[in-house]
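What follows is each chain in one-letter form.
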Amino acid sequence: MSTEKIKRLVVLGGGESGVGAAILGKVKNMDVFLSDMGTISPHYREMLEKWDIPYEHGHHTEEKILNADEVVKSPGIPPTAPIVRQIVGRGIPVISEIEFAGRYTDAKMVCITGSNGKTTTTLLTYHILRDAGINVGLAGNVGKSLAYQVATEKHDVYVIELSSFQLENMYDFKANVAVLMNITPDHLDRYDYKMQNYVKAKFRIINNMTYTDAIIYWQDDKTITDQLNAITTEARLYPFSEHLEGDDTAAYVDDDGELVFMTPETSLMMPRADLALSGLHNLFNSMAAGLSACLLDIRKDDIRRALSDFEGVEHRLEYVADVDGVRWINDSKATNVNSCWYALESMPSARSTVLILGGKDKGNDYSEIESLVDSKVKAIVAMGKDNEKIISFFKDKVPAIADTHSLADAVDACRRLSQPGDTVLLSPCCASFDLFKSYEDRGRQFKDAVRNLSR
């Protein structure tokens, strides 16, 4: 009879990642307990009960948590949370759901991070692989929990979107392909308002990589290139850029408008005009996804077809409607200034954009979009509980500015300030939590409000 001690696994957080980790722990015959300081949704409570996993919500019971052998912490819980401080003080290891799931699968891992573009790149990469017939799973910030899929399914490849929060508690996990889209200031409130702390969190994605692995990155991002120059990695490097920057550029657009991919596994060309997604930011997303597919030896025709028929991502430069000659665009996923920069870059050059900004500021520096606002924006509508910073910065930089504190008032202001031929762009630069549950909630409410205008 075995006398091996059953491992006590405590999971903090009862959302997608936490419940997935709890189920994987149960499958691996651990003594699992899940605790959430907030309210666990009925859907996730039903999953926990189906798997006979004890849980609590609305509070933390210390004696049920501090006896853990290991804790899986959901990414939204900051390391400064009192219960996390207690756990660390007891010397109990704290890991992420991705770290935990990675122990129990030998699938190839394509991991994508960046301040902007990572969701589109993740979904586009998944689209290419799935349509090529690969047994692929989608995980991380999109799709189902990686841990849940490892527990209940079996995939040969996983495409994983990773935030800096998820990367914080990853130690032994290894990506086979790591994609760094860009690194611009974001979530600095989580990192003591120190950019280098945020950069180091992002760069955890390349931990443990060997010479058989690959790093794909934007060649013109100085933050990324400086950090790569300051560290040592065995992984192969595959930079991409709008134009050929040197012999090592692995994806670029040539003088004839052909998108070129060059890797040891595959070289292919396709007209940039054939890409399903338009705009400079989507060119970079397509390059990163295409390079990932090349490195996985996907057939050229499959890559070309998938890059040309992808349908895009909800809340990212999403067309909503034309109302009385005004085009309305939902870019609610733009929760930082750099993401808004890419949205404005894709707008018409004449001053014909009414821009909605506002929400929970994360230490934003609006000077990054100042020149684009000057050339493209006719009015700014600030939408948030506290718009003082936005109004103070832009009040002398645009012909008109409106101070609103609800979605309904913001939409009314946009109607008043726009005329036929204009575009209303919701690209807030800020998190949504002052007025909305999430950026998805903000985007969906915005779309509903716009569609009601046309009825």
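Keep in mind that what you see is a predicted model, and the values were worked out from it rather than measured. (Residues numbered from 1 in each chain as written. Predicted model: local features only at pLDDT ≥ 70, side-chain atom pairs only at ≥ 80, totals over all residues. Heavy atoms only, no water.)

Participant: Describe in detail the overall build of the chain, supporting the description with residues and values.
Facilitator: Scanning the chain from N- to C-terminus turns up 17 helices and 20 strands. The C-alpha atoms of the chain give 23 Å as radius of gyration, which agrees with the globular expectation for 455 residues (23 Å, within 12%). Along the first, second and third principal axes, the C-alpha set of the chain runs to 80 × 50 × 45 Å. Here the chain, with 455 residues, has 56% of them falling under the buried criterion. Across the chain, every contact between residues at least 6 apart in sequence was considered, and the portion connecting residues at least 24 apart equals 66%. For the chain, the accessible area works out to roughly 19300 Å², and carbon and sulfur atoms hold 47% of it. Between the averaged position of the 50 positive side-chain charges in the chain and that of its 66 negative side-chain charges there is a distance of 4 Å. (Helix = DSSP H or I, 4+ residues; strand = E, 2+ residues; numbered from the N terminus. Rg over C-alpha atoms; globule rule 2.2 N^0.38 Å. Buried < 20%, exposed > 50% of the residue type's maximum accessible area, 1.4 Å probe, protein only. Contact = heavy atoms within 4.5 Å. Areas by Shrake-Rupley, 256 points an atom, 1.4 Å probe, with all protein chains shown as cover. Lys, Arg positive; Asp, Glu negative; His and termini not counted. Charge placed at Lys NZ, Arg CZ, Asp CG, Glu CD.)

Participant: An account of the pattern of salt bridges is requested, with residue identities and associated values reported.
Facilitator: A complete count under the given rule lists 24 salt bridges for this structure. Note that Lys222 and Asp226 form a salt bridge whose closest N and O atoms lie 2.6 Å from each other. Note that Lys222 and Asp226 are positioned in helix H10 (residues 222-230) at a spacing of four residues, about one turn of the helix. Residue classification places Lys222 among the exposed residues on the basis of a relative accessible area of 58%. Of the charged contacts, one joins Asp324 and Arg415 as a salt bridge, the two residues approaching to 2.7 Å between their closest N and O atoms. Residue Asp324 is located in the loop between strand S15 (318-323) and strand S16 (326-330), and its partner Arg415 is located in helix H16 (residues 407-417); the two are separated by 91 residues in the primary sequence. The class for Asp324 is exposed, based on a relative accessible area of 59%. Taken together, the salt bridges that share partners define one network made up of Arg299, Asp301, Asp302, Arg304 and Arg305. (Salt bridge = Lys/Arg side-chain N within 4 Å of Asp/Glu carboxyl O.)

Participant: Tell me about the sheet that holds strand S5 (residues 94-95), and name the residues and values.
Facilitator: Overall, parallel pairing links the five strands, which are arranged S3-S2-S1-S4-S5 in an open sheet. The outermost strands of the open sheet, each flanked by one partner alone, are strand S3 (55-57) and S5. Relative to strand S4 (residues 70-73), strand S1 (residues 8-12) runs parallel, the two being bridged by four bridges. Pairing of Val10 across the sheet is with Val71, part of S4. Helix H4 (residues 82-89) contacts S1, S4 and S5 of the sheet and is inclined by roughly 155 degrees relative to S1. (Pairing = 2+ DSSP bridges. Axes fitted to C-alpha atoms, helices over the stretch in contact; angles between N-to-C directions.)

Participant: I'd like to hear about the packing of aromatic side chains, residue by residue, with values.
Facilitator: Evaluation of the coordinates by the stated rule reveals seven aromatic pairs. Between Trp218 and Phe284, the aromatic rings sit 5.0 Å apart at their centres with planes inclined by 40 degrees, giving tilted as the arrangement. Taken as a pair, Trp218 in strand S10 (residues 214-218) and Phe284 in helix H11 (residues 280-295) lie far apart in primary sequence, 66 residues in all. For the pair Trp218 and Phe284, one class covers both residues: buried. (Phe/Tyr/Trp six-rings, centres within 6.5 Å; stacked < 30°, edge-to-face > 60°.)

Participant: Now, about the pairing of strand S13 (residues 258-262): what can you tell me, with residues and values included?
Facilitator: One ladder, built from three bridges, connects strand S12 (residues 251-253) with S13; its direction is antiparallel. Bridge pairing links Tyr252 to Val260 in S13. Connecting S12 to the next strand, S13, in antiparallel fashion are four residues, including Gly257 with a positive phi near 80 degrees. Once S13 ends, the chain turns through four residues before running back antiparallel as strand S14 (residues 267-271).

Participant: Give me the lowdown on the sheet that holds strand S17 (residues 353-357), citing residues and values where you can.
Facilitator: The six strands lie next to each other as S15-S16-S20-S17-S18-S19, forming an open sheet whose pairing is mixed. A single partner strand is all that each edge strand has here, and the edge strands are S15 and strand S19 (400-404). Taken over all neighbouring pairs, the strand axes of this sheet differ in orientation by 20 degrees on average, direction set aside. In terms of strand pairing, S17 meets strand S18 (residues 377-383) through five bridges, oriented parallel. Paired with Thr353 across the two strands is Val377, which belongs to S18. Lying over the sheet, helix H13 (residues 337-345) contacts S17, S18 and strand S20 (423-426), oriented at roughly 165 degrees with respect to S17. Against the sheet, H16 makes contact with S15, S16, S17, S18, S19 and S20, and its axis sits at roughly 165 degrees relative to S18, the strand it touches most.

Participant: Give a description of the side chain of Ser145 that names residues and reports values.
Facilitator: Its location among the elements puts Ser145 in the loop between strand S7 (136-140) and helix H7 (146-152). From its side chain, Ser145 meets the backbone nitrogen of Ala147 in a polar contact 3.2 Å long. Aside from chain neighbours lying at most four places away, what touches Ser145 is Glu16, Ser17, Gly20, Ala21 and Glu97. (Polar contact = N/O pair within 3.5 Å; in protein donor to acceptor, adjacent residues only side chain to side chain.)

Participant: I'd like a description of empty space enclosed by the protein, backed by residues and values.
Facilitator: Counted under the stated rule, the structure contains three cavities of 30 Å³ or more. Taken as a whole, the largest cavity spans an internal volume of roughly 80 Å³. Residue lining of the largest cavity: Asn116, Gly117, Met181, Asn182, His281, Phe284, Asn285, Arg316 and Tyr342, and that is the complete set. For the lining of the largest cavity, the leading source of residues is H11, giving three residues. When the residues that make up the lining of the largest cavity are grouped by side-chain class, the tally is three nonpolar, five polar and one charged. (1 Å grid on protein atoms, 1.4 Å probe; cavity = no way out; pocket = protein on both sides within 12 Å on 5 of 7 lines; lining within 4 Å. Points joined across faces, edges and corners; volume = space filled by probe spheres on them. Nonpolar A, V, L, I, M, F, W, Y, C, P; charged D, E, K, R; others polar.)

Participant: I'd like a description of the nonpolar core, backed by residues and values.
Facilitator: Counting 49 residues, the largest nonpolar core has Leu146, Ile160 and Leu180 as its most contacted members. Element by element, the count of residues in this core is highest for helix H1 (residues 16-27), at five residues. Not counting residues within four places of it along the chain, the set of residues in contact with Ile160 comprises Ile98, Met109, Val110, Cys111, Ile112, Thr122, Ala139, Gly140, Leu146 and Phe173. (Core = buried A, V, L, I, M, F, W, Y, C linked by side-chain atoms within 4.5 Å.)

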